[in-house]
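A look at the structure
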Amino acid sequence: MSRWSAPDCEEDAMAAPSACPATPPPASQQRIYGDINANRLWTFRVLMNDPLAANEQLAIVGSCEALGNWQHSGAVLMARQQAGEEQQEQEDEQDGNVWTAQVYIPRECATEYRYMVCGMDAASEQLLVRRWEVQLQPRRIAELDEPSGQCEDTFGHVLGQQRRVDRGWLTKETLVQLKFFYAPFTFKQRMKRRLVHVKVTPMNLRIPSAGCVGGDTVTQLEDSLSNDTHDTRENGGDSSAFAFSEVVTLSSDECEVRAQEQFGTACGAEDLVIFHLTVADMENTAYLIDLYSYSSKVAREDGPPLHLGYHYVLPNLFKRSEGNLELAITCAKGHRPLGMMRLGYLIVKPSSHSAHLDMRVSYARYWNNKWTGLDVGHRGSGTSFKAKDAVIRENTITSLKNAADHGADMVEFDVQLSKDLVPVVYHDFMIYVSLKSKCSMQEHDFLALPMRELTLDQLKKLKVYHTAEGLSRETRSFHNDDLLEHQPFPQLADVLDALDEHIGFNIEIKWSQRLQDGRMEEEFEHVVDRNLYIDCILDVVLRKAGKRRLVFSCFDPDICTMLRYKQNRYPVMFLTLGHTTKYEKYMDPRGNSMETAVWHAVAMQLLGIVAHTEDLLRDPSQVNLAKERGLVLFCWGDDNNSKDTIKLLKDLGLHAIIYDKMDVLTSKEVKQSVFLLQAKDSQKEMLKLQALETGHVWHTTESGQEEQQA
């Protein structure tokens, strides 16, 4: 069983969000709803072996009103058990702590629940989901069960299932990432070879100045801090903001988000370091960047490093959801200019449609062991403008349905926003509109329009157009072009409604990136902010996707991070180029090799990687890079359009292969998706169970059909 697999049993139903108390009560309060005689007092006890940060504590969320109806805001906070000396000594040996809470839960029905680690901001009473149990089947207390005394759960471990604990998603807080790639510092000559360690501390801008009204915020902050170690601010210092300050180095040794060390993280010439800062009050939080350096490798063990310098980043510098900052480094002694540093930033805000999310179930890193070697229809039935014999237009409802009819387990298609912010299915960033009616045309006979500059209505009215892939070919006509489902630019909402729910979706989010030479993939800079862009797409998916097996993917690593932290329901996969001779590489290094892509996926807790087959065929051993880390692996590319290559990739153990012409290349005998077959098997098992309860038996006929007999 792979790292993120679950048992064969599945629970697909997703509980609808329901009303709940906005603020959790104190842990000591016994929460009672309804008639007390219809409830039972249950003592929840859980052993916590994982370390907790200063502002973290345990809580319970569950299926009844007293446990918040699966809403994180209605969770019951737990209290650390006060143990006697002997018990405390035993707990210390276990390196764990016992947390308890007493809650009245319904007597006449079963109660399901999960434990979570939350952060609690006392000032705003805001509850943040830091980590939570995400087994497919939650914990369960059967109806009429009574407490059994010293029964104790262990956080993350549910009977019969693997340990599975995931990081939370954004509810009211903001995620700020600062990216220090390849030692982005410019110093005077004598300091150029120093290895710099960086520490980032969120600072509270609401600090009242003693004996002073108004004044310069940065000066007040500087006066309140020491100029060397700054080691007390995260643990309740007057100037610290309510935040969680973490970091990840993308490397084979350490690619998981962790707490920062006292004197920061090394940012060397080959290091990819991301500071991962979860902030409750974005508008009133500044970021103190401290730079340290050790005189030698040995000196690190002997004592504290030299505090080189610092810079305060005020929130008004973050003009958009992403960008780059060029900052002056101020010398720690004498406050003189010391040099410059250039870093990237990403701001992830909670989804404006988070009302659709709860803690009933999460598929964010769920992948069943039976889902291997899946057949995925590329743009439905394939790229229509490159293939001479294509008769169905790509990325249309007809194209997607045709792939499904020929046995596709999933269909892959591209989504981007129209000018009026409607998610539509289309691949290219540009649309090439014909200026002439003749069949054979040159490139100068087309007018290039950015897709994002046209409203949905304008897109629907376009008559003759090409993608960039088809400019050198004759004007194409496709079968039944006038029928609605054959039309280009279908809305994402219509696609979700039109296809059977047992057909899986791989939704690629289109977002133009900067290439290595500094040019944009698209000729123009983005107009729509990243957060709004993703929210518009998530709104449709969260309302329409239902029980469908669905994964998001994107070539932009920051879009993947945003998709992961804006919702807790659907998996995200990182699309990568790897080492390639066919495409220009991106400026962001994270997708330019299989290795860095795997590190990023692990760090951001993505489901897996969609690798470029050209790179996998160059070095098939790279498959193990992903699988050893417990990641799911898809692949894409023109090389996939071969029966021999598809077989080779399946033999290598890939979880899914994305290719054109499902009707020609699939080797399936039964032209049905694995999800439909699995649903049918589950239904058969349910009918057999019902038959046993009613005294009937199942009999298999000579033709292989199953029928019920008395």
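Right, let's walk through the structure included here. (Residues numbered from 1 in each chain as written. Predicted model: local features only at pLDDT ≥ 70, side-chain atom pairs only at ≥ 80, totals over all residues. Heavy atoms only, no water.)

**Re the overall build of the protein**
Defined as follows: Put simply, DSSP marks the helices as runs of H or I at least four residues long and the strands as runs of E at least two long, and each gets a number from the N terminus on. The cut-offs for exposure are 20% and 50% of the maximum accessible area for each residue type, with area from a 1.4 Å probe on protein chains only; residues under the lower value are buried, those over the upper are exposed, and the others partly exposed. In what follows, residue pairs with any heavy atoms lying within 4.5 Å of each other are defined as contacts. Note on areas: these come from Shrake-Rupley sampling with a 1.4 Å probe, and a residue is covered only by the protein chains present in the view.
From N to C terminus, the protein includes 14 helices and 35 strands. The buried share of the protein, reckoned over its 710 residues, is 55%. Long-range contacts, defined here as pairs at least 24 residues apart, represent 71% of the contacts in the protein between residues at least 6 apart. Counting only carbon and sulfur atoms, one obtains 48% of the accessible surface of the protein, whose full area is about 31600 Å².

**Focus on helix 8 (residues 557–566)**
Cut-off, in case you're wondering: Whenever two N or O atoms come within 3.5 Å, that pair is a polar contact, provided that in protein one can donate a hydrogen and the other can accept it, and provided that, for residues adjacent in sequence, both atoms are side-chain atoms.
In terms of burial, helix 8 is a largely internal element, 10 of the 10 residues being buried. Along helix 8, the residues that are buried comprise Pro557, Asp558, Ile559, Cys560, Thr561, Met562, Leu563, Arg564, Tyr565 and Lys566. Where helix 8 begins, one side-chain oxygen reaches toward the backbone nitrogen of Asp558, 2.8 Å away; that side chain belongs to Asp556.

**A closer look at helix 4 (residues 397–405)**
Judged by how many residues are buried, helix 4 sits mostly within the fold: seven of nine residues are covered. Here helix 4 has its buried residues at Ile397, Thr398, Ser399, Leu400, Asn402, Ala403 and Ala404. Buried residues belonging to helix 4 abut strand 22 (374–378), strand 23 (410–417), helix 6 (492–498) and helix 13 (662–665). Phi turns positive one or two residues past the end of helix 4, at Gly407, with a value near 100 degrees.

**Digging into the packing of aromatic side chains**
Keep this limit in mind: A pair of aromatic rings is counted whenever rings of Phe, Tyr or Trp (Trp by its six-membered ring) have centres within 6.5 Å, and the orientation is called stacked for planes under 30 degrees apart, edge-to-face for over 60 and tilted otherwise. Two conditions define a charge located above a ring, namely a distance within 6 Å from the ring centre to NZ of Lys or CZ of Arg, and an angle within 35 degrees of the ring normal.
Under the defined criterion, the tally for this structure stands at 23 aromatic pairs. Ring plane angle 35 degrees and centroid distance 6.1 Å describe the contact between Phe180 and Phe185, whose orientation is recorded as tilted. Here the two residues Phe180 and Phe185 agree in accessibility, since each one is buried. Here Trp511 and Tyr533 contribute two aromatic rings whose centre-to-centre distance is 4.9 Å and whose plane-to-plane angle is 80 degrees, an arrangement assigned as edge-to-face. Here Tyr533 lies in helix 7 (residues 530–544) and Trp511 lies in the loop between strand 28 (504–509) and helix 7, a separation of 22 residues in the sequence. Tyr533 carries the same exposure label as Trp511, and that label is buried. Connected via pairs of aromatic rings, a cluster forms that spans Tyr363, Tyr366, Trp367, Trp371, Phe634 and Phe675. Note that Arg130 overlies the ring of Phe244, its terminal NZ or CZ placed 3.9 Å from the centroid. Here the basic side chain of Arg564 rests over the ring of Tyr565, its NZ or CZ set 4.8 Å away from the ring centre.

**A short note on the pairing of strand 20 (residues 322–331)**
Here is the rule: Pairing between strands is defined by DSSP: at least two bridges between the two strands are required.
Looking at chain direction, strand 19 (residues 306–313) and strand 20 are connected through two bridges and run antiparallel. Paired with Tyr310 across the bridge in strand 20 is Thr330. Pairing analysis gives nine bridges linking strand 20 to strand 21 (residues 337–348), with the strands arranged antiparallel. By the bridge assignment, Gly323 is partnered in strand 21 with Tyr345. Counting the residues in the hairpin turn of strand 20 and strand 21 gives five residues, including Gly334, whose phi is positive at 95 degrees.

**Focus on the environment of Glu112**
Inspection of the secondary structure puts Glu112 in strand 6 (residues 111–121). On the basis of relative accessible area, Glu112 is assigned to the buried category, the value being 19%. Between the C-alpha atoms of Glu112 and Asn69, which are 43 residues apart in sequence, the distance is 9.7 Å. Beyond its immediate stretch of four places on either side in the chain, Glu112 contacts Val61, Gly62, Ser63, Leu67, Trp70, Pro138, Arg139, Arg140 and Arg360.

**Examining the packing of helix 7 against helix 8**
To characterise two packed helices, one gives the angle between the axes of the helices and the distance between these axes. To keep things clear, this is the line we draw: What counts as an axis is a line fitted to C-alpha atoms, over the stretch in contact for a helix, and the angles between N-to-C directions run from 0 to 180 degrees. Should an angle fall under 35 degrees it is called roughly parallel, over 145 degrees roughly antiparallel, and 65 to 115 degrees roughly perpendicular, with every other angle called oblique. Crossings are assigned a handedness: left-handed for a near helix turned anticlockwise from the far helix by less than a right angle, right-handed for a clockwise turn.
At their nearest, the axes of helix 7 and helix 8 sit 11 Å apart, and the two run at 55 degrees to each other. Taken together, the axes of helix 7 and helix 8 are oblique relative to one another. Considering only the axes of helix 7 and helix 8, their crossing is right-handed. The segment helix 7 lies against helix 8, with Arg530, Asn531, Ile534, Asp535 and Leu538 engaging Asp558, Ile559, Met562, Leu563 and Lys566.

**Thoughts on the environment of Arg519**
By the element assignment, Arg519 lies in the loop between strand 28 and helix 7. Each C-alpha atom of the pair Arg519 and Tyr586 lies 9.5 Å from the other, and the pair is 67 residues apart in sequence. In contact with Arg519, not counting residues within four places along its chain, are Gln513, Arg514 and Glu584. At 2.8 Å, the side chain of Arg519 and the side chain of Asp517 are in polar contact.

**So, the sheet that holds strand 5 (residues 97–106)**
The mixed open sheet is built from four strands, whose spatial order is 4-5-1-9. Taken across any chain shown, the strands that pair with only one partner, and hence form the sheet edges, are strand 4 (79–80) and strand 9 (153–154). Sheet analysis places strand 1 (residues 39–48) next to strand 5, joined by 10 bridges and oriented antiparallel. Counterpart to Leu47 in the pairing with strand 5 is Val98.

**Observations regarding the pattern of salt bridges**
Basically, it comes down to this: Note on definitions: salt bridges are taken to be side-chain nitrogens of Lys or Arg within 4 Å of carboxyl oxygens of Asp or Glu.
The full count for this structure, using the stated rule, is 35 salt bridges. A salt bridge links Glu246 to Arg130; the nearest nitrogen and oxygen atoms lie 3.2 Å apart. Of this pair, Glu246 sits in strand 14 (residues 243–249) while Arg130 sits in strand 7 (residues 126–133); the two residues are 116 residues apart in sequence, bridging distant segments of the chain. Per residue, the accessibility class of Glu246 equals that of Arg130, and both read buried.

**Here's the deal with the side chain of Asp615**
Its place among the elements puts Asp615 in helix 10 (residues 613–618). Accessibility expressed as a relative area gives 3% for Asp615, which makes it buried. Apart from the residues lying within four places of it in its own chain, the contact partners of Asp615 are Leu577, Gly578, His579, Met594 and Gln622.

**Focus on unusual backbone geometry**
With a phi angle near 50 degrees, Asn69 is a residue other than glycine that sits in the positive phi range. In this structure, Asn69 sits in the loop between strand 2 (56–62) and strand 3 (76–77). Although it is not a glycine, Arg379 sits at a positive phi angle of roughly 50 degrees. Here Arg379 shows up in the loop between strand 22 and helix 4. When its relative accessible area of 3% is taken as the criterion, Arg379 is described as buried.

**What to know about a positive patch on the surface**
Put simply, the rule is: Excluding any residue in a salt bridge, patches collect residues exceeding 30% relative accessible area, merging like charges within 9 Å and nonpolar Val, Leu, Ile, Met, Phe, Trp and Tyr side chains within 5 Å. For the purpose of charge, His is not counted, nor are the chain termini; Lys and Arg are scored as positive and Asp and Glu as negative. Positions of charges follow a simple convention, taking NZ of Lys, CZ of Arg, CG of Asp or CD of Glu.
Taken together, Lys188, Arg190, Arg194 and Arg336 make up a surface patch of like positive charges. Mapped onto the secondary structure, Arg190 falls in the loop between strand 12 (185–187) and strand 13 (197–204).

**Describing the environment of Gln135**
Here Gln135 is to be found in the loop between strand 7 and strand 8 (139–141). Given the relative accessible area of 1%, Gln135 is considered buried. The spacing of Gln135 and Tyr363 is 228 residues in sequence and 9.2 Å in space, taken between C-alpha atoms. Those residues within four positions of Gln135 in sequence are excluded, and the remaining contacts are Arg114, Gly156, His157, Val158, Gln161, Gln162, Arg163 and Arg164.

**Comments concerning the nonpolar core**
Our working definition: Here, nonpolar core means buried Ala, Val, Leu, Ile, Met, Phe, Trp, Tyr and Cys residues that are tied together by side-chain atoms lying within 4.5 Å of each other.
The biggest cluster of nonpolar side chains holds 90 residues, and the ones touching the most others in it are Phe413, Ile507, Ile509, Phe552 and Ile609. Among the elements that line this core, the one with the most residues is helix 7, at eight residues. Contacts of Phe552, omitting those with residues within four sequence positions, involve Asn506, Ile507, Ile509, Ile537, Leu538, Val541, Leu563, Tyr570, Pro571, Val572 and Met573. Counting 32 residues, the second largest nonpolar core, distinct from the first, contains Phe180, Val200, Val247 and Val273.

Interpretation in functional terms is not warranted from these geometric data alone.
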